[in-house]
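# Working through the structure, step by step
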Amino acid sequence: MTIEPNSVVTLTYKLHTVENGERTFVEEAGRDNPLDFLFGVGMMLPKFEENIAGLEAGDTTDFELAAEDAYGEINEQAIATLPIDMFKESGVPAVGQILPLQDNQGNQFRGKVTEVSPEVVVVDLNHPMAGQNLHFSIEVLSVREATADELAHGHSHGPDGSHHH
């Protein structure tokens, strides 16, 4: 079976960021812990799916996604300056610390502390991989039709469709 919408894909990958032609290893999903997902329902980056569409079990591929096709360019508007008073109870965070945050609508997200002064804490709300080109090396382990439950739930229930939540 080929990878197409509403199929469950199990694959291994190695992910590198690419800057000036140099690759830096980020993470991998090997055979012992492969990535398993429902294809075509918005779980993965659209250009990632575009690059693996039509592949079959046993196929391998390598491709690079430009930053704008991955997690976007760095958005300077996503840099927040928070008053130091916000951290009276929790303590002032360190530069590099990841903060769990919530907006007025209850949406949760994370921000990375980039600067701390006596008056403010500066937090970068961009995705950690924003502004970076990504290189994927992929091996497709299996492709199968999604079960009715998986389609109803909008996600895979594992390589064989039997993992429940």
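Just so you know, these numbers come straight off a predicted model, no measurement behind them.

## Focus on the nonpolar core
Core analysis: the biggest nonpolar cluster contains 22 residues, and I3, L11, F37, F48, I52, F136 and I138 have the highest contact counts within it. For this core, the secondary-structure elements that each account for two or more residues are β1 (7-19), α1 (46-52), β4 (60-65) and β9 (133-145). The element contributing the most residues to this core is β9, with five residues. Those residues in contact with I138 that lie beyond four places of it in its chain are L11, T12, Y13, F48, I52, D59, T60, T61 and F63.

## What about the pattern of salt bridges?
What the rule picks out here adds up to three salt bridges. Notably, a salt bridge pairs E139 with R31, separated by 2.7 Å at the nearest N-O pair. With E139 in strand β9 and R31 in the loop between β2 (22-29) and β3 (35-38), this pair connects stretches of sequence that are 108 residues apart. For E139, a relative accessible area of 24% corresponds to the partly exposed category. Between E50 and K47 there is a salt bridge whose closest N-O contact spans 3.5 Å. In this pair, E50 and K47 both sit in helix α1, three residues apart, roughly one turn of the helix.

## So, the environment of L55
Residue placement: L55 occurs in the loop between α1 and β4. Residues in contact with L55, not counting those within four places in the same chain, are M1, T2, I3, T61, V140 and V143.

## Quick word on the packing of aromatic side chains
Summed over the entire model, instances satisfying the criterion amount to five aromatic pairs. Here the aromatic rings of Y13 and F136 are separated by 6.3 Å at their centres, their planes lie at 65 degrees, and the arrangement is edge-to-face. A residue pair is termed long-range when its members are at least 10 positions apart, and Y13 in strand β1 and F136 in strand β9 qualify at 123 residues. A relative accessible area of 7% places F136 in the buried class. An aromatic cluster is built from Y13, F37, F48, F63 and F136, whose rings are joined through pairwise contacts.

## A closer look at the pairing of strand β7 (residues 108-116)
Pairing of strand β6 (residues 98-102) with β7 involves five bridges; the strand directions are antiparallel. Residue pairing in the sheet places I98 in a bridge with K112 of β7. Both β7 and strand β8 (residues 120-124) contribute to a ladder of four bridges, which runs antiparallel. Bridge assignment links K112 to a residue of β8, and that residue is D124. Counting the residues that bridge the hairpin from β7 to β8 gives three residues.

## Remarks on the sheet that holds strand β5 (residues 79-83)
Strand order in the open sheet formed by four strands is β5-β8-β7-β6, with antiparallel pairing between adjacent strands. The open sheet has two edge strands, β5 and β6, and neither has a second partner. Neighbour to neighbour, the strand axes of the sheet diverge by 45 degrees on average, direction disregarded.

Thresholds, definitions, all that
Residues numbered from 1 in each chain as written. Predicted model: local features only at pLDDT ≥ 70, side-chain atom pairs only at ≥ 80, totals over all residues. Heavy atoms only, no water. Core = buried A, V, L, I, M, F, W, Y, C linked by side-chain atoms within 4.5 Å. Buried < 20%, exposed > 50% of the residue type's maximum accessible area, 1.4 Å probe, protein only. Helix = DSSP H or I, 4+ residues; strand = E, 2+ residues; numbered from the N terminus. Contact = heavy atoms within 4.5 Å. Salt bridge = Lys/Arg side-chain N within 4 Å of Asp/Glu carboxyl O. Phe/Tyr/Trp six-rings, centres within 6.5 Å; stacked < 30°, edge-to-face > 60°. Pairing = 2+ DSSP bridges. Axes fitted to C-alpha atoms, helices over the stretch in contact; angles between N-to-C directions.

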